[in-house]
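# Observations on chain architecture
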Amino acid sequence: PIVYAAALENGFSPNSIILDAPFVAEQGIGLKNWKPENYGKKFYGPSTLRKGIEYSRNLMTVRVAENIGLSKILDLSKKLNVYDEIPELLSVSLGSAETTLLNITSAYASFINGGKKINPTMINKIQDRRGKIIFNSNLNLCLGCDRYSEDSNDFPKIKSQANQIISKETAYQITSILEGVVQRGTGKKLKDLDVPLAGKTGTTNENLDAWFIGFSSNLLVGVYIGYDKPKSLGKYETGSKAALPIFKNFIKDALYENEFKPFKAPSGIYFAPIDYDNGSKRNFGDKNVIIEAFKTEDINNTVNNKLFLDKNYDKLIKYRQFY
């Protein structure tokens, strides 16, 4: 999602078409070519950006990263504190660098907080014995709180001091797509809860690690499963199978049903009916239609959605038999 957030900030829209096909990158003299794969080793041809996240399509993610440039992704990752040190390798777009569950969960918090950076803290506030607050981790300012009285109609205003990392429109688009992960994609085991939820599964090579980041409009939860000394969890132990059920059991007890509120769209978001498979504009009521979230600048692209190929396309010919 962080890769795709960078893409949405740089000219892509949720219905942009990206090629899901074999990708080959040269790594230097004497080194084997890098050939990333999708889970299941299948290819699905041109697909929408939304599908790339909903179904965890690695090959689409790599192409997006190559198209927008690795520097923009690394810059966003640094601003969100995902990594302490980031190697400038294309494989980083697939999560090959090490991070922590706290870092990645905190980064996802920006998506449901309007693109603002959220700094995790273990202590909310400290009061002395008389109730006076001597420490408060809340970055919000209360303008007018010192002058407010019950007889006044001049209500205080809350102003956030958190840094704006991505636009609130991009943050909502990613949240909307991560809702799609639950509705149709790798997180659909949560669909039967029938409440507004979003999330993302993750599985590393050889099933060494499985994770799931899931959230409602007011609660974000990160789940990680792996051994202290890395070894395979098992051939079929993915984020969807191993980590997601833990989130599901937790969220059912953590919130009451009436606490699951819809995700709020900012004023700069517009909705339109789109063909789920090819991203083209459709009418309400047509088959295979979803309601997609667009920015103002995306509106003209809802019909003529751009096909993002790349210089690697020529190498595709010899792999054509695979799809």
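Below you will find a few notes about this structure. (Residues numbered from 1 in each chain as written. Predicted model: local features only at pLDDT ≥ 70, side-chain atom pairs only at ≥ 80, totals over all residues. Heavy atoms only, no water.)

## Concerning the pairing of strand β11 (residues 289-295)
So the rule is basically this: Only protein chains enter the area calculation, which uses a 1.4 Å probe; residues under 20% of their type maximum are buried, those over 50% are exposed, and those in between are partly exposed. Under the scheme used here, helices are H or I runs from DSSP no shorter than 4 residues and strands are E runs no shorter than 2 residues, and both carry numbers assigned from the N terminus. Two strands make a pair as long as DSSP finds a minimum of two bridges between them.
Across the seven residues of β11, five count as buried, placing the element largely inside the fold. Bridge analysis of strand β10 (residues 269-275) against β11 gives seven bridges, and the strand direction is antiparallel. Bridge assignment links Asp275 to a residue of β11, and that residue is Val289.

## Quick word on helix α6 (residues 168-183)
The following threshold applies: One less than the residue count of a helix, multiplied by 1.5 Å, gives the span that helix is expected to have.
Here α6 contains 16 residues, and its C-alpha end-to-end distance of 23 Å stays within 8% of the 22 Å for a straight helix at 1.5 Å per residue. Within α6, 13 of the 16 residues are buried, which leaves the element mostly enclosed by the surrounding structure.

## Comments concerning the state of the cysteines
Note the following rule: Disulfide assignment relies on a single distance test, namely cysteine sulfur atoms paired within 2.5 Å.
With the rule as written, the count across this model stands at one disulfide. The partner cysteine of Cys142 in its disulfide is Cys145, sulfur to sulfur 1.4 Å. Linking Cys142 and Cys145, the disulfide has an S-S dihedral of approximately 50 degrees and is accordingly described as right-handed. The exposure class of Cys142 is partly exposed, given its relative accessible area of 31%.

## A short note on the nonpolar core
Stated formally: As used here, the term nonpolar core means buried Ala, Val, Leu, Ile, Met, Phe, Trp, Tyr and Cys residues forming a set that is joined through side-chain atoms within 4.5 Å.
Ranked by size, the top nonpolar core spans 43 residues in total, and within it Ile2, Tyr4, Leu49, Leu76, Phe111, Ile174 and Leu178 carry the most contacts. For this core, the element with the most residues is helix α1 (residues 2-8), which contributes seven residues. With 13 residues, the next largest nonpolar core counts Val221, Val223, Ile251 and Phe260 among its residues.

## Focus: the pattern of salt bridges
The line we're drawing: For this analysis, a salt bridge means a side-chain nitrogen from Lys or Arg found within 4 Å of a carboxyl oxygen belonging to Asp or Glu.
Overall, the coordinates contain 11 salt bridges when judged by the stated rule. Of the charged contacts, one joins Arg50 and Glu54 as a salt bridge, the two residues approaching to 2.9 Å between their closest N and O atoms. Within this pair, Arg50 and its partner Glu54 are both found in helix α2 (residues 49-54), separated by four residues, close to a single helical turn. Across this residue pair, the class does not change: Arg50 and Glu54 are buried. A salt bridge links Asp275 to Arg282; the shortest N-O distance between them is 3.6 Å. Judged by relative accessible area, which is 9%, Asp275 ranks as buried. Where salt bridges share partners, they join Arg50, Glu54, Arg184 and Glu292 into one cluster.

## Here's the deal with the side chain of Lys117
The line we're drawing: Polar contacts here mean pairs of N or O atoms no more than 3.5 Å apart (in protein, one a potential hydrogen donor and the other a potential acceptor; neighbouring residues in sequence count only if both atoms are side-chain atoms). The criterion used for residue contact is that any of the two residues' heavy atoms lie within 4.5 Å.
In this fold, Lys117 is placed in the loop between α5 (101-109) and β3 (125-127). A distance of 3.4 Å separates a polar side-chain atom of Lys117 from the backbone oxygen of Lys79. Among residues more than four places away in sequence, those in contact with Lys117 are Lys79, Asn81, Ser110, Ala162, Asn163 and Ile165.

## Digging into the pairing of strand β9 (residues 220-226)
Examined bridge by bridge, strand β8 (residues 209-215) and β9 share seven bridges and lie antiparallel to one another. Following the sheet pairing, Ile213 is matched in β9 by Gly222. Hairpin connection of β8 to β9: four residues between the antiparallel strands.

## A look at the packing of aromatic side chains
Note the following rule: For Phe, Tyr and Trp, where Trp contributes only its six-membered ring, two rings pair if their centres lie within 6.5 Å, and the inter-plane angle classes them as stacked under 30 degrees, edge-to-face over 60, or tilted in between. In this scheme, Lys NZ or Arg CZ marks a charge over a ring once it lies within 6 Å of the ring centre and within 35 degrees of the ring normal.
Taken as a whole and assessed by the stated rule, the structure comprises five aromatic pairs. Ring centres of Phe23 and Trp34 lie 6.4 Å apart, and the angle between their planes is 75 degrees; this geometry places the pair in the edge-to-face category. With a gap of 11 residues between them, Phe23 in the loop between β1 (17-20) and β2 (45-48) and Trp34 in the loop between β1 and β2 connect regions that are remote in the sequence. As far as the burial class goes, Phe23 and Trp34 line up, both buried. Between Tyr108 and Phe111 the ring centres are 5.6 Å apart and the planes differ by 70 degrees, which places this aromatic pair in the edge-to-face class. Its guanidinium or amino end placed over the ring of Tyr44, Arg57 lies 3.9 Å from that ring's centre, counting from NZ or CZ. Between Lys231 and the ring centre of Tyr227, over which it is positioned, the NZ or CZ distance is 4.5 Å.

## Focus: the environment of Phe284
Within the element layout of this structure, Phe284 appears in the loop between β10 and β11. Judged by relative accessible area, Phe284 falls into the exposed class, the value being 62%. For the pair Phe284 and Thr238, spaced 46 residues apart in sequence, the C-alpha separation works out to 36 Å.

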